[in-house]
Amino acid sequence: MRGHDMRTAPPFDMVIFGSTGDLAKRKLLPALYYRFIAGGFPPDSRIIAVSRRDWDRNTYLSYAAECMQAFAKPGRFSAEKWASFAERLHYVRIESGHLEHYRNLSNVLSQVSPRVRVFFLSTAPDLFAEICKNLGEAGAVHGDSRVVLEKPLGRDLASSQRISDDVAQVFTEAQTFRIDHYLGKETVQNLMALRFGNALFEPLWRRDWVRDVQITVAEQVGVEERGEFYDRTGAARDMIQNHLLQLLCIVAMEPPTSIDSNSVRDEKLKVLRALQPLEGREAIAGTVRGQYRAGVSQGMPVRGFLEENGIDPQSRTETFVAMRAEIDTWRWAGVPFYMRTGKRLAERLAEIVITFRQVPHSIFGPGQLSLAPNRLVIRLQPDEGVRLSVLAKAPGDEIILRAVDLNLDLAQTYAGIQMDAYERLLMDAICGKLTLFLRRDELDAAWRWIDPIMEASERYGDKPKNYLAGTWGPAASTALLSRDGITWHEES
Ligand SMILES: NC(=O)c1ccc[n+]([C@@H]2O[C@H](COP(=O)([O-])OP(=O)(O)OC[C@H]3O[C@@H](n4cnc5c(N)ncnc54)[C@H](OP(=O)(O)O)[C@@H]3O)[C@@H](O)[C@H]2O)c1
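Here is what the cut-offs are and how they apply
- Residues numbered from 1 in each chain as written.
- Predicted model: local features only at pLDDT ≥ 70, side-chain atom pairs only at ≥ 80, totals over all residues.
- Heavy atoms only, no water.
- Helix = DSSP H or I, 4+ residues; strand = E, 2+ residues; numbered from the N terminus.
- Rg over C-alpha atoms; globule rule 2.2 N^0.38 Å.
- Buried < 20%, exposed > 50% of the residue type's maximum accessible area, 1.4 Å probe, protein only.
- Contact = heavy atoms within 4.5 Å.
- Lys, Arg positive; Asp, Glu negative; His and termini not counted.
- Charge placed at Lys NZ, Arg CZ, Asp CG, Glu CD.
- Near = heavy atom within 4 Å.
- Polar contact = N/O pair within 3.5 Å; in protein donor to acceptor, adjacent residues only side chain to side chain.
- Areas by Shrake-Rupley, 256 points an atom, 1.4 Å probe, with all protein chains shown as cover.
- Nonpolar A, V, L, I, M, F, W, Y, C, P; charged D, E, K, R; others polar.
- Pairing = 2+ DSSP bridges.
- Axes fitted to C-alpha atoms, helices over the stretch in contact; angles between N-to-C directions.

Caption draft 1: Region of the structure containing the overall build of the protein chain. Helix and strand counts for the protein chain stand at 14 helices and 18 strands. Taken over the C-alpha trace, the protein chain has a radius of gyration of 24 Å; the compact-globule value for 492 residues is 23 Å, and the two agree within 12%. Here the C-alpha coordinates of the protein chain stretch approximately 75 × 50 × 45 Å along the principal axes. Relative to its 492 residues, the protein chain shows a buried fraction of 55%. The contacts of the protein chain with a sequence gap of at least 6 include a subset with a gap of at least 24, amounting to 78%. The protein chain carries 62 positive and 64 negative side-chain charges, and their two centres are separated by 1 Å.

Caption draft 2: Geometry of the site of the ligand. Within the structure, the ligand sits among 21 residues, and T20, D22, R26, R52 and R53 are positioned closest to it. Interatomic distance of 3.3 Å between a backbone N/O atom of G18 and an oxygen atom of the ligand. When isolated, the ligand has an accessible area of 890 Å², and the protein chains bury 76% of it. When residues in the shell around the ligand are grouped by element, the largest group, three residues, is from helix 1 (residues 22-39). Within the shell around the ligand, the residues separate by chemical class into six nonpolar, eight polar and seven charged.

Caption draft 3: Seen up close, the sheet that holds strand 1 (residues 12-17). In space, the seven strands of this open sheet follow the order 3-2-1-4-5-6-17, with mixed pairing throughout. What marks the edges here is a single partner per strand, and that holds for strand 3 (89-93) and strand 17 (437-438). Sitting on the sheet, helix 5 (residues 128-137) is in contact with strand 1, strand 4 (116-121) and strand 5 (145-149), with an inclination near 155° to strand 4.

Caption draft 4: How the structure looks around the pairing of strand 11 (residues 320-325). Of all six residues in strand 11, six are buried, a share of seventy percent or more. Side chains F320, A322 and R324 project from strand 11 onto one buried face, and the interleaved V321, M323 and A325 project onto a second face that is buried too. Judged from the four bridges that link them, strand 8 (residues 287-293) and strand 11 form a sheet pairing that is antiparallel. Among the inter-strand pairings, V288 is bridged to a residue of strand 11, identified as A322. Two elements, strand 11 and strand 12 (residues 337-342), share six bridges in a ladder whose sense is antiparallel. Residue pairing in the sheet places A325 in a bridge with F337 of strand 12.

Below, the structure is given as structure tokens:
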């Protein structure tokens, strides 16, 4: 479908702002290293690490090597390969407000033949405006430049638009790559391949045959070191606005005319615009917000959200949210889409579950119809795979139906050759492929849907419901579905 071989990529310089940060250490450097060992970089291509630290190149290289040893996947780090990767790795010190530092960067960039420039902004978003402006003023941005932006892109529509406006002063929309790393996951690509590469699913992919769709992204960790940020943000803004809505779009969109970026993004945008607004009391009724209390996670006692560092002890920020959404289109009218995400939940799990309707008439007797309906389970985490559960006859004299799985175990089948989401997305940014990145109008539409929900919970003083760490969230989350006669997948 898409080439991801470094050998076909254009020569590039990738500048990583925030190169000493957590994301760079855990994801960006390893992803670039894996792509490098998979096929090398185009001749002369470079990675230019940037941070405020007054370091020279060697200090950064030792730091990066230590990080790689700590964060590379088991067996993937080799000192010899690292040494040749390190030849491509440079360091420039930039304090975001100092224009002269950007001039140094500009000099470093202009020392080599013309090539693609990718500026990856892995810093807090309140620095984006300053960084873009200074890059522009220092003459570092040319026609073949791109900027990659990490979430969070705002905390509501207004702040998100300010970020977009500031970035747009320097980079065009076609140069702007807004990352949602869920879109880079192999299984999400596979969901598109399943839907649009097989004739089998399309006739069933609609209200006539789909009973409900559940999207869960569950974490076992708490707020970790991000207490202050999380207290200002909460689960709906941190996860639903981007990752879960993006997954919903991939499930619900109409077939695009091609895989090119605007065809796919146009269809996703239509889904976001067709989401039934949830406002006022309806938003409260269609949403369950929760906050974890002390409990047991992975066998260890853990503290509650209000006791975590950086959290206001009176905080009403949600660490869990479940929502019931509907999409007002001919294809999906009346089909509930449930989204759920939270911290300190029972498992680390990301999956999309599509439950089909039952057969209209059972020839096996009425009791058999209460058996499990067909389900397509698309799992993104912890292991990637796709499972279709069907009913089959259990061995024995009588016809007794049992659910069995048709299993597409991608993790097992493609062991060792699957790419991490950041590997794919970084390659796409270098190659200028925008399909898996959010366009500005998509981002705006997602905030337009979320904002009234957040406003309603503030206006009505909606207090998050307690749940014990290590469980599946507040009881009200189960009740949200039981009104429709449905249970969450893991409860059924
Ligand atoms: N960590 C994740 O897994 C993750 C996941 C998704 C999104 N994100 C987002 O990605 C961004 C980066 O996250 P992070 O966790 O890597 O943050 P972090 O660990 O706090 O790192 C921040 C980085 O920004 C640099 N920086 C801070 N102030 C600067 C300034 N004034 N001028 C130049 N550089 C400056 C820091 O450099 P110094 O070393 O010089 O301080 C550091 O390299 C954030 O917006 C975060 O929300 C992170």
